[in-house]
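# Analysis of the macromolecular model
Spelled out, the chains give:
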There are 2 protein chains.
Amino acid sequence: MSDTRDQALTQERCVACRPDSPRATEQELREWLPQIPEWHVIEREGVPQLTRTYKFKNFADALHFTNKVGEIAEAEDHHPQIVTEWGAVIVRWWTHAIKGLHRNDFVMAAKSDALYAASQGNRARQDDRHA
Amino acid sequence: MSDTRDQALTQERCVACRPDSPRATEQELREWLPQIPEWHVIEREGVPQLTRTYKFKNFADALHFTNKVGEIAEAEDHHPQIVTEWGAVIVRWWTHAIKGLHRNDFVMAAKSDALYAASQGNRARQDDRHA
C-alpha cells in the first residue's frame, strides 16, 4: 500500500450536498475507486453505497473504531451507516441528498482508512510494549 | 408500557453459553416475547435473531446509545450487532454458540430497552431545561 495513494482524498473536506449536487460519473468512479482499493460499491434499495469491512481483535476495539468514524462524521456533517459487532466494523458511505455516491463519500472512505491505519499502528505499538 | 413488564428479564445476568446450551423453545418464545414487545424475531442467514430499531434525534444521540449498549455487552460478555446511523440504532441479539436464540438474548434485549428508556428520560429533562 502506498503511503500517498489516498493523500489527495484524505486531505479534502466535505462540501455541502444538495439534491442537485453531481453524482459521481462512471469516469470518476474508475478514477477514484483505485484510491480506496479495499472499498466496494454495492447497491442497497436502489442506492449505490461504498462499503468496507474492517477487522478487529475484539468488540471493544471495534466499538472504539466506530467512535472514531463517528467523530469525523460529525466534524464533516456527513454520516455513514456503521455496523459494529465482535471483531468487525462495516462502514457504508453514500449521500442521502442525491441517493447515490458523491466525491464526499470517497473523501470519507479515505479518511476512514486513515483512522484504521492509525488504530492498527497504535495496536502494533501496544503489542510491542506488552511483548 | 408497564414499568414492571420486563423487570424479571432486566434483573437477570447472562449465563455462559456453549454449543449444547438450550435454544429457546416455541413455548418460551411465546412467553418471553410479550415481555419485550418492541422486538421482532427475524431470520438472517438461517439464524433467528431478536431485532429492534431505536429512534434518535440526530447522529450523536444514536452513537451515544450504541456505546451504552456496548457497555452492557462487555459487562455481560454477550455481544450484539449494532447498526448506527443518523437518527437510528438497530440492535440485533442472538447467540453465536447455538446459532439461535437463548434466554440471554431476551435478557439483553430487555436491558437495551431499559437503557433506551433512561436515555429518553434524560433527553426529556434536558429539553425541559432548555425550554
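Before reading on, note that the structure itself is shown above.
Residues numbered from 1 in each chain as written. Chains lettered and ligands numbered in written order. Predicted model: local features only at pLDDT ≥ 70, side-chain atom pairs only at ≥ 80, totals over all residues. Heavy atoms only, no water.

Further remarks concern the layout of surface pockets. Here the largest pocket defines a volume of roughly 390 Å³. For the largest pocket, the lining is made up of 19 residues, of which A:Arg44, A:Glu45, A:Gln81, A:Trp94 and B:Glu85 are closest to its centre. Elements that contribute at least two residues to the lining of the largest pocket include exactly β2 (47-55), β3 (81-85) and β4 (88-93) of chain A together with β3 (81-85) and β4 (88-93) of chain B. Of the residues forming the lining of the largest pocket, the biggest block, 3 residues, is contributed by β3(B). Partitioning the lining of the largest pocket into residue classes produces 8 nonpolar, 5 polar and 6 charged. (1 Å grid on protein atoms, 1.4 Å probe; cavity = no way out; pocket = protein on both sides within 12 Å on 5 of 7 lines; lining within 4 Å. Points joined across faces, edges and corners; volume = space filled by probe spheres on them. Helix = DSSP H or I, 4+ residues; strand = E, 2+ residues; numbered from the N terminus. Nonpolar A, V, L, I, M, F, W, Y, C, P; charged D, E, K, R; others polar.)

A word on the pairing of strand β1 (residues 40-44) of chain A. All names here are of chain A. Of the pairings in the sheet, the one linking β1 to β2 comprises 5 bridges and is antiparallel in character. From the neighbouring strand, glutamate 43 faces β2, where its bridge partner is proline 48. Connecting β1 to the next strand, β2, in antiparallel fashion are 2 residues, including glutamate 45 with a positive phi near 50°. (Pairing = 2+ DSSP bridges.)

What follows covers the sheet that holds β3(A). Strand order in the open sheet formed by 8 strands is β1(A)-β2(A)-β4(A)-β3(A)-β3(B)-β4(B)-β2(B)-β1(B), and the pairing between neighbours is antiparallel. This sheet does not close on itself; its edge strands, each paired only once, are β1 of chain A together with β1 (40-44) of chain B. On average, each strand axis in the sheet is inclined to that of its neighbour by 25°, with strand direction left out of account. Relative to the sheet, helix α3 (residues 59-76) of chain A contacts β2, β3 and β4 of chain A together with β3 of chain B, its axis offset from that of β3(A) by approximately 165°. Those strands touched by helix α3 (residues 59-76) of chain B are β3 of chain A together with β2 (47-55), β3 and β4 of chain B, and its axis lies near 165° from that of β3(B). (Axes fitted to C-alpha atoms, helices over the stretch in contact; angles between N-to-C directions. Contact = heavy atoms within 4.5 Å.)

Residue and element names in this part refer to chain A. The terminal C-alpha atoms of α3, which comprises 18 residues, lie 26 Å apart, in line with the 26 Å expected from a rise of 1.5 Å per residue. For α3, the set of buried residues is Phe59, Asp61, Ala62, Leu63, Phe65, Thr66, Asn67, Val69, Gly70, Ile72, Ala73 and Glu76. Looking one or two residues beyond α3, the residue adopting positive phi is aspartate 77, at roughly 50°. (Expected span 1.5 Å × (residues − 1). Buried < 20%, exposed > 50% of the residue type's maximum accessible area, 1.4 Å probe, protein only.)

Superposing chain B onto chain A takes a rotation of 180° combined with a translation of 0.0 Å along the rotation axis, leaving an RMSD of 0.0 Å. Taken together, the rotation and translation describe the operation of a two-fold axis. Nearest to the rotation axis, the C-alpha of B:Val83 is located 2.2 Å from it, this being the minimum over chain B. Most of the interface of chain B is mirrored in chain A: 100% of its interface residues are interface residues there too. (Least-squares fit on C-alpha atoms with pLDDT ≥ 70 in both.)

Turning next to unusual backbone geometry. If you check the backbone angles, A:Asp77 has positive phi at about 50° while not being a glycine. In this structure, A:Asp77 sits in the loop between α3 and β3. A positive phi angle, close to 45°, is found at B:Lys99, a residue other than glycine. Within the secondary structure, B:Lys99 sits in the loop between β4 and α4 (103-130). Taking relative accessible area as the criterion, B:Lys99 reaches 55% and is therefore assigned exposed.

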